[in-house]
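Each chain, letter by letter, is given below.
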Amino acid sequence: MSDNLIDVLEERGFIEQTTHQKELREYLEEPGRTCYIGFDPTAASLHIGSLVPIMALAHFQRCGHVPIALVGGGTGLVGDPSGKTEMRKLLTREAIEENSVGIKSQLSRFIEFSGGRAMLLNNADWLCGLEYITFLRDIGRHFSVNRMIKAESYKMRLESEEGLSFIEFNYMLLQAYDFLTLYDRHDCRLQMGGSDQWGNIVAGIDLIRRMRQDTAFGITFPLITTSSGAKMGKSEKGAVWLDARRTPPYEYYQYWVNTDDRDVERFLALFTFLPMSEIRGIGKLEGAELNAAKRVLAYETTRLAHGAEEAAKAFQAAAAVFGSGQVDPGILPSSGIHRQDQTSAAASVPHSHVSLDELQQGIPAFKLFHQAGLAASGGAARRLIEQGGAYVNGNRVTAFDDLIGVDSVIDGEIMLRSGKKRYHKLLVS
RNA sequence: GGUGGGGUUCCCGAGUGGUCAAAGGGAACAGACUGUAAAUCUGUCGGCGAUGCCUUCGGAGGUUCAAAUCCUCCCCCCACCA
């Protein structure tokens, strides 16, 4: 492979910190290396916050190496306190087992697991059978409590009111032991992770040095925040998930289209595989052109998470309701996005059904908006309407109890809108 | 185990008998301005077909015309002591 992973990651903005810069680069010159990242099975789906590590593993694979995605089935039972102000709820084994399954299927969209090109392991396999005394004598003796309590990852908790429980204090040992195990079994000498993982990664590197007299490496990613300061992956409805059942592709696409101007270039580099030669300078575009770049960003990220077909549908649905779906061929030419408006029946704007009977009676507007999910309650819907934020087929609703009836049906549909950008289509049946 | 301090609406946090659906901030939503961006200003921000009714202040009881506020018991958190 021509490119060194370090160069790729550096150029695309993935690197916060690395250990042994020079040796690491040399180590990665040779193809077929292994590297692991841990994923917490605390939910049944990964969300956008995990995208950076996922993409990093994918790049690792593209550079000719063998990534290991490690599901924390064992560590999840303990809970990582790093950077957290509160102790996490302990999950049951069953829940973690279930979640692991979902995570595996999501990862396989980004990483090719067939033919031994990547591995998916679960640390429950070696952690759950550990014997306490043996573990303490073999592993525990290499850890200095004096050093551990100075670790940044524990600091916040040690200073907080809630404190740090003993089970969480052990987390670092377990993660270090993971690294050691993967080193022994798969010759894995590189671990990557979020910047909050630095302490845990270094602990593993130390353990390998002490027990195997060998050098291992670590890379951490910066915490990705939006330019307005928010953590990645939160939308008005909560986390943006990779699971289509939790966050439909259309919403996923919308999340990315709504990217802040200042983030477009950075996000294209981080969250798509488009060549950097095309991405560079995109941030300087303005107005319509920058919006087109956002559409490409949204299309590409949606394609990665949900496939080309869903991405195209989301793109078309957006073009249908918002208009202006054009993307100039000069912008990010490598993207497979359709360059023209393609209003299509396959459009996947959120929708639901209403019966003709109900419509003949007429449905009060505020009830309709509530039912369609555009307002959290009847009261919220009334407020929405009173504030002039509710539209039926593009016309503002003037009174909360306006009756919506058959005369609002156009081509078998009624298009509801809340505010400027939340659409909901009612199909009459 | 002892002593003291706490648990308030999505989050932080005021409130120590009626004027409390509960200050203030954040988040969020809507309007104006725009480019499905940001910033700014304004409004909204428990539920209800609604100038009223209902449900909320850790849980269960109680006192009172009236309780987030007082009393009893219980649960949980924190600090110091052991």
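Residues numbered from 1 in each chain as written. Chains lettered and ligands numbered in written order. Predicted model: local features only at pLDDT ≥ 70, side-chain atom pairs only at ≥ 80, totals over all residues. Heavy atoms only, no water.

1. Some words on the nonpolar core
To be explicit about the condition: Here, nonpolar core refers to any group of buried Ala, Val, Leu, Ile, Met, Phe, Trp, Tyr and Cys residues whose side-chain atoms link them within 4.5 Å. Note on exposure labels: buried denotes an accessible area under 20% of the residue type's maximum, exposed denotes more than 50%, and partly exposed covers the range between, all computed with a 1.4 Å probe on protein chains only. Secondary structure elements follow DSSP: runs of H or I no shorter than four residues count as helices, runs of E no shorter than two count as strands, and numbering proceeds from the N terminus. A domain assignment, automatic or from a database, supplies the domain bounds used here.
With 70 residues, the main nonpolar core has Leu 51, Phe 110, Leu 190, Met 192, Trp 256 and Leu 332 as its most contacted residues. Per element, the largest residue contribution to this core is nine residues, and it comes from helix α15 (residues 287-306). Two domains share this core, each providing at least three of its residues, namely domain 1 (5-221) and domain 2 (234-327). Formed by 31 residues, the second largest nonpolar core is a distinct cluster that contains Leu 70, Leu 173, Leu 180 and Ala 203.

2. A closer look at the pairing of strand β3 (residues 66-71)
Here is the rule: Strand pairing follows a simple DSSP-based rule, namely that at least 2 bridges must link the two strands. Here is how to tell: hold the view so the strands point away, follow the path from the first strand over the helix to the second, and if it runs clockwise the crossover is right-handed.
Counting buried positions along β3 gives six out of six residues, so the element sits mostly inside the fold. Two elements, strand β2 (residues 34-39) and β3, share six bridges in a ladder whose sense is parallel. From the neighbouring strand, Tyr 36 faces β3, where its bridge partner is Ile 68. Viewed along the sheet, the connection from β2 through helix α3 (residues 51-62) into β3 turns out right-handed.

3. Observations regarding the pattern of salt bridges
Selection rule: By salt bridge we mean one thing: a side-chain nitrogen of Lys or Arg within 4 Å of a carboxyl oxygen of Asp or Glu.
Counted according to the given criterion, the structure contains 13 salt bridges. Residues Arg 212 and Asp 184 are paired through a salt bridge, measuring 2.8 Å at the closest nitrogen-oxygen approach. Here Arg 212, found in helix α11 (residues 198-212), pairs with Asp 184, found in helix α10 (residues 171-186); they are 28 residues apart in sequence, far enough to count as distant. Taking the relative accessible area as the measure of exposure, Asp 184 reaches 40% and is therefore partly exposed. Salt-bridge contacts for Lys 313 lead to Glu 310; the nearest nitrogen and oxygen are separated by 3.7 Å. Here Glu 310 and Lys 313 lie together in helix α16 (residues 308-322), a separation of three residues that amounts to about one turn.

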